[in-house]
Amino acid sequence: MQQVLAELDERSADEVRGEESEQRQRDERDDLERLGDVLVAAPGGKHIPLGQLATIRRATGPSEIASENGRLRVYVQANVQDRDLTGFVEDVKRRVEKEIVPTLPPGMTIEYSGEYENLVRAQQTLYYIFPATLLIIFLLLYVVYHSAKEAAHVILAVPFALTGGVFLQYLLGYNFSVSVWVGYIALFGTAIQTGVVMVVYLEEMVAKKQAACAAAGAPFTRDDLVQAIKDGARLRLRPKVMTVATIVASLLPIMWSHRPGSEVMQPLATPVIGGMLSSLLHILVVTPVIFASLRERELAHRALVERLQRPEAREREVHRRQLVQAAVAGDQVQAQRRDRVDEGQRHHRQVIAVGRQQRKRDGQRQQQRPAGLALQCVHVEMSPTLC
């Protein structure tokens, strides 16, 4: 036991001496004069001061020499403000290719990394995610409504929401980035969700109105449809306004925040705030109008089918078509008659014109004959023997 303790004491003493030596060497490196007094072991066993072997001076040089794949590497860093990162890098690339690349020695290359590299990868991913999101939304709407028209009607909330988001983004001066596109994707889902809820409310009110008309034994007319749509839109007004107000109120603190991370969250919240305000007008005004137009067409088509399914209605429809065909045929016969009359009148006018020309030529010939001959002819014509 005593031997083990003695060995531990010796190790501790050696470690203390090593730390003192290291500390002394660090102090010597900070002072050039003391650094020149550092002894260097020579091959013969002698110790020579470092100042006698080399000239020690301070010089400016690289603080760090980095390499990658066996090649030296140097970073040139820059921070971009008041413009988009992609446009800045594209401008830098053009100037570097024009002014610096031709003067580079062989073996040297220039690469662009950092946030720009991450942005390029994210944009390439968004090229697939963005249209895929819209396609998935359309397919889900088609599964819900079993109609491409209804799905297209609800998905119209996307361009209206996009309009408000782009307008607010332009006013605040934010450029398109990954955060902005993520905000648009979140906006599209929220806008379509509110559109679906509005259509559900309208369909419920139309179904209730149809049931009330059927119970009263009255037909469901266009006026009943319009009134049901108005009631449904009025019923949806308060929930829609509350939804938009809640979303906007929850995101507004981000817009005036200056804490770390706000530069990422503010571009994300901007499209959502602007898009929700514009989608409010679309859902409350445009959606009921389009819904009424689609339902009016369905109502008119259904009424026509019911009318044609009745026997007397079918007979009247056939008779009406026959009358239309007869009227068309009569119009064609009258047109042919008018053509023949016009052609006869045209021929009669041509004959009259030819006769007038012939009489005019005969008169000209008579004026050109001698006077004696004319008297003789008159005498012959007036002779009583010939008469």
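Note that the structure is predicted; figures quoted are calculated from it, not measured.

Draft legend 1. Representation of the nonpolar core. In terms of nonpolar packing, the biggest core is built from 38 residues, with L141, L187, I192, V206 and I229 touching the most fellow members. Elements with a minimum of two residues in this core: α4 (115-145), α5 (148-155), α6 (157-172), α7 (178-216), α8 (222-255) and α9 (262-309). Excluding residues within four positions of it along the chain, I229 makes contact with L202, V206, P288, F291 and A292.

Draft legend 2. View of α8. Here α8 is 34 residues long and its end C-alpha atoms lie 47 Å apart, about the 50 Å a rise of 1.5 Å per residue gives. Largest kink in α8: about 35°, centred on L237, with the proline P239 one to four residues after it. Where α8 is concerned, the buried positions are D224, L225, A228, I229, G232, A233, R236, K240, V244, V248, L251 and M255.

Draft legend 3. Structural context of the side chain of R295. Its location among the elements puts R295 in helix α9. Residue R295 is classed as buried on the basis of its relative accessible area, which comes to 13%. Residue contacts for R295: discarding those within four places in its chain leaves E150, E203 and L225.

Draft legend 4. Layout of the environment of L141. Mapped onto the elements of the fold, L141 is located in helix α4. According to the relative accessible area criterion, L141 is buried, its value standing at 5%. Residues L141 and A151 lie 10 residues apart in sequence; the distance between their C-alpha atoms is 5.0 Å. Residues contacting L141, with those up to four places away along its chain left out, are H146, A151, V154, I155, I192 and V196.

Draft legend 5. Region of the structure containing the layout of surface pockets. The space that makes up the largest pocket amounts to roughly 2,100 Å³. If you trace the largest pocket, you find 45 residues lining it, with V76, Y112, S113, G114 and Y116 closest to the centre. Those elements that place two or more of their residues in the lining of the largest pocket are β4 (71-73), α3 (85-99), α4, α7 and α9. Element by element, the count of residues in the lining of the largest pocket is highest for α3, at 6 residues. For the lining of the largest pocket, the class distribution of residues is 23 nonpolar, 14 polar and 8 charged.

Draft legend 6. Expanded view of the packing of aromatic side chains. Applying the stated criterion to the full structure yields 4 aromatic pairs. On the numbers, 5.9 Å between centres and 50° between planes, the contact of W181 with Y184 is tilted. With W181 and Y184 both in helix α7, this residue pair falls 3 residues apart, about one helical turn. With a centroid separation of 6.3 Å and an interplanar angle of 35°, the aromatic rings of Y184 and F188 are classed as tilted. Of the two residues, Y184 and F188 are both situated in helix α7; the distance of 4 residues between them amounts to about one turn of the helix. This pair shows no difference in class: Y184 is buried, exactly as F188 is. Cluster of aromatic residues (ring-pair linked, three or more members): F130, W181, Y184 and F188. A cation over a ring is seen here: R236 above Y201, with NZ or CZ 5.6 Å from the ring centre.

Draft legend 7. Quick look at the packing of α3 against α4. Contact geometry for α3 and α4: axes closest at 10 Å, N-to-C directions at 115°. Read as a crossing pair, α3 and α4 show a hand that is left-handed. Contacts between α3 and α4 involve L85, T86, V89, E90 and K93 from the former and E115, Y116, L119 and Q123 from the latter. Its residues assigned to classes, the contact of α3 with α4 shows 4 nonpolar, 2 polar and 3 charged.

Draft legend 8. Region of interest: the pattern of salt bridges. As enumerated under the stated definition, the model contains 8 salt bridges in all. One salt bridge in this structure joins E203 and R295, with 3.2 Å as the shortest N-O distance. Placement of E203 in helix α7 and of R295 in helix α9 is noted, with a sequence separation of 92 residues between them. With a relative accessible area of 30%, E203 lands in the partly exposed category.

Cut-offs used in this document
Residues numbered from 1 in each chain as written. Predicted model: local features only at pLDDT ≥ 70, side-chain atom pairs only at ≥ 80, totals over all residues. Heavy atoms only, no water. Core = buried A, V, L, I, M, F, W, Y, C linked by side-chain atoms within 4.5 Å. Buried < 20%, exposed > 50% of the residue type's maximum accessible area, 1.4 Å probe, protein only. Helix = DSSP H or I, 4+ residues; strand = E, 2+ residues; numbered from the N terminus. Contact = heavy atoms within 4.5 Å. Expected span 1.5 Å × (residues − 1). Bend = angle between axes of the 7 residues up to and from the residue. 1 Å grid on protein atoms, 1.4 Å probe; cavity = no way out; pocket = protein on both sides within 12 Å on 5 of 7 lines; lining within 4 Å. Points joined across faces, edges and corners; volume = space filled by probe spheres on them. Nonpolar A, V, L, I, M, F, W, Y, C, P; charged D, E, K, R; others polar. Phe/Tyr/Trp six-rings, centres within 6.5 Å; stacked < 30°, edge-to-face > 60°. Lys NZ or Arg CZ within 6 Å of the ring centre and 35° of its normal. Axes fitted to C-alpha atoms, helices over the stretch in contact; angles between N-to-C directions. Left-handed = near helix turned anticlockwise from the far one by under 90°. Salt bridge = Lys/Arg side-chain N within 4 Å of Asp/Glu carboxyl O.

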